[in-house]
Each structure stands twice: as structure tokens, then as C-alpha cells.
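Listed here are the chains, written in short residue letters.
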Amino acid sequence: MEIAKDKLSALGDMLSYPRKVVIVSHTNPDGDAIGSSVAWRDVLTATGHSVTCILPNRYPYYLDFMPGIKDIIIYKHDAEGRAAAAVKEADLIFCLDFHTLTRLDALSDLIASNTTAERVLIDHHLDPTTDFDLMLSYPQSSSTSYLVARIIEEMFGAGSITRRMAEDLFVGMMTDTGNFAFSFITPDLFRVLSLLCATGIDVPAIHNNVYNSFTEGRARLFGYVINRKMKIFHGGQVAHMSLTEQEMRRFWFQQGDSEGFVNYPLTIRKMKMSAIFIEHHDFIRVSLRSRGNIDVNLFASRYFHGGGHKNAAGGKSFVPMEETLRHFEESVSAFAREGLL
Ligand code: 5GP
Ligand code: MN
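What you see is a predicted model, and the numbers here were worked out from it, not measured in a lab.

Thoughts on the coordination of the manganese ion (ligand 2)
Reasoning step 1: Around the manganese ion (ligand 2), the protein supplies D32 (OD), D97 (OD), H124 (NE2) and D176 (OD) as donor atoms, at distances of 2.2 to 2.3 Å.
Reasoning step 2: Sequence spacing among the residues donating to the manganese ion (ligand 2) works out to D-x64-D-x26-H-x51-D. Of this pair, D32 sits in helix α2 (residues 31-46) while D97 is found in the loop between β4 (92-96) and α4 (108-113), placing the two residues 65 residues apart along the sequence. An identical accessibility class is assigned to D32 and D97; each is buried.

Structure below.
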């Protein structure tokens, strides 16, 4: 994957004198959203810019250990209005790991209506919108963290990657690739990983922090969902699961506890597509995963107001659970009739 020289030089021009920078990432932030944002913040701070990181809502508890995470402003809990003040002052806003301002939910108005700041996209999702003044959009990048590592390397040199940045970037690269198992696993990814390792990061400790730090409730909820809530249909090729708020309460649900559940049905032979529906206060969050050529980015945008990547996408549903599941099954049939499944 080549990063266009003209984009890097435009970015270089923007950063050629001290700027007031805001970095934002998507709602329900994951390891990649946070890893890329805080590493980018660290390098910009080190090169003389004043930087504020903002997220629309809280990150899952098991990412608490990430070294750069503490100073992020959570917009939803920002009673003092520090986020609004930073956005108002900013002359440069970086949008990391999302492709449309609507992914910022409550924060999107603030970022969209700030007319003076330039907006720069650094992202790896398909079909970015035109809300940005400069776009570094690379859907062939396995994570935004990998993309940020490459940009840092090109602009500031590999030597500028500190151990702390390496740890944050590693989390993003590991989680978005399902532990280096999904698409776009390239020789260059391992070259960059070796640069990160050379800073002295403790890979087994990072792995342990991310994947072995869940609550008992999550383990029991997982058993319940797979045993009781997984429906397999379409000749064994599609699975769906769902969780209502009431069910989640029974298992002491905390944000992030259902992360990764949607991948599990794809461990079943011949399974092509998997979905999980999680009930929230005023909508149902949809997560989709697929294998090979099945395009869940297209599926999510057509049937669930969403998008993402070819094999991992998400969206929302605004009708009750029963109806949502029926809509999903009907959409699967329609998709299959077109030869897309
Ligand atoms: P997850 O299922 O892990 O929440 O999300 C999978 C992928 O789909 C992520 O890349 C995420 O950015 C994208 N995605 C999740 N929810 C939405 C959504 O509501 N709208 C759009 N456009 N993309 C989403
Ligand atoms: Mn990502």
C-alpha cells in the first residue's frame, strides 16, 4: 500500500507551523479508534502542536490500560464543555477511523458546524463522504493504526515512535485484524509490527490486557447468547443473535461486553455471514461479519443505515427486536436472490 506523496506533502504543509488541533474518532470507540488517535496526538504534541483528543462516548473498560487513554475527553460526560471549547479554538480537526461525520452521533454537529477549522480524514473504511478538506482514505489498510504508523514513519521517521505510541498502535493493529487473521495482512504490516516491537513493547502483556481481562458476566452472557439466542438459517450459511436490554442486565452488562460475539458463528463450517443485534435505549445496534466475497458493507448500507468494511460492518435499526430480526431474514433472502450471498 502506497500513501500518496501529494497527500503527505499537503499534510506536511498543514503541520509546518504550530497548530491548534482536535482529534476525534467514532462512537463506541474500539482499540483502533483509540490507538490511532492517541498515537497521532503524541507525535503531534512532540512536534510542537497543541492537541485535544475527543471521543463521542466512553470506551470499553478493558481498554483502560492503554497508555495514552487517560487524557481523552469523553463528549457525553464532558460537563465543563472542554470539548466544545477545544473545537471552537481548533484550526485543524483530524477525523480518525471513521468515514462519515454521522458516526460521531451527538458530537457530529459540533464538528460539522465548526466552519473555520480544516478537517482531515485519516481512515480505512469504504465510501468516505465529502466532509473533509484533505482525505487520507485507505480501505486497503487493515487498521487506521497501521495507516497512522505509516504516516508517522513517512513524515517524522520511525525513530519518532515511542514505546508508548507503539503500545497504543499495536492494540489498534491487533484488534482490527482479529489478531492478524483478517484481510489485508501484508508483509509490510509485519515490517511495521517489527518496528513497534523494537521499541520494547510487551506483546503477551498487551494481548492479555485486551483479550483476558473481561468480567465473569461477559463469559456467562457469551454462553447464553451462543446456546440460547443463535439462530442458524439459510442452509446453515447465515446466523443471527440478539440481546435485549433486559437480558444484558441479567448478566451485569458493561459497555464492550458483547464485543467479538458476532465473530463466533463464523467458526462454524460453511457459515458465510453472521449478525448480532444489541438493544439500546432508542435503537438496535447491528453488527455484521462475513467471509470471503460476501459484502456486508453493501448489506449494512442497503438494509441497516450503516456501512464499514467488506467483511465487517454495522448499522442501526429503529424498529422493535422481533421486527428487526424479520427484516434481517428477509434482507438475507433478497440479497441471496441477487446472487450476493
Ligand atoms: P462493529 O460491528 O465492530 O461495531 O463495527 C464493524 C465495522 O462497521 C466498523 O468498521 C464500524 O466502523 C462499522 N460500523 C459500525 N456501526 C456502524 C454504523 O452505524 N454506521 C456505519 N456507517 N458504520 C458502522
Ligand atoms: Mn478501524
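Structural notes on the sheet that holds strand β2 (residues 50-55)
Reasoning step 1: Read from one edge to the other, the open sheet built from 6 strands follows the order β3-β2-β1-β4-β5-β6, with strand pairing classed as parallel. Sheet topology places β3 (73-74) and β6 (134-137) at the edges, where each strand pairs with a single neighbour.

Focus: unusual backbone geometry
Reasoning step 1: If you check the backbone angles, D127 has positive phi at about 55° while not being a glycine.
Reasoning step 2: Mapped onto the fold, D127 is located in the loop between β5 (118-123) and β6.
Reasoning step 3: Phi angles above zero are rare outside glycine, and W252 is one such case at about 50°.

A word on the pairing of β5
Along a regular strand, successive side chains alternate from one face of the sheet to the other.
Reasoning step 1: Judged by how many residues are buried, β5 sits mostly within the fold: 5 of 6 residues are covered.
Reasoning step 2: Relative to β6, β5 is paired through 4 bridges, and the arrangement is parallel. Of the residues in β6, the one forming a bridge with L121 is M135.

Looking at the side chain of N297
Reasoning step 1: Position of N297 among the secondary structure elements: in helix α11 (residues 296-303).
Reasoning step 2: Side-chain polar atoms of N297 contact the side chain of D127, separated by 3.3 Å.
Reasoning step 3: Apart from the residues lying within four places of it in its own chain, the contact partners of N297 are L126, D127, G307, G308, H309, K310 and A313.

The rules we used
- Residues numbered from 1 in each chain as written.
- Chains lettered and ligands numbered in written order.
- Predicted model: local features only at pLDDT ≥ 70, side-chain atom pairs only at ≥ 80, totals over all residues.
- Heavy atoms only, no water.
- Donors = N, O, S within 2.8 Å, 3.2 Å for Na, K, Ca; no water.
- Helix = DSSP H or I, 4+ residues; strand = E, 2+ residues; numbered from the N terminus.
- Buried < 20%, exposed > 50% of the residue type's maximum accessible area, 1.4 Å probe, protein only.
- Pairing = 2+ DSSP bridges.
- Polar contact = N/O pair within 3.5 Å; in protein donor to acceptor, adjacent residues only side chain to side chain.
- Contact = heavy atoms within 4.5 Å.

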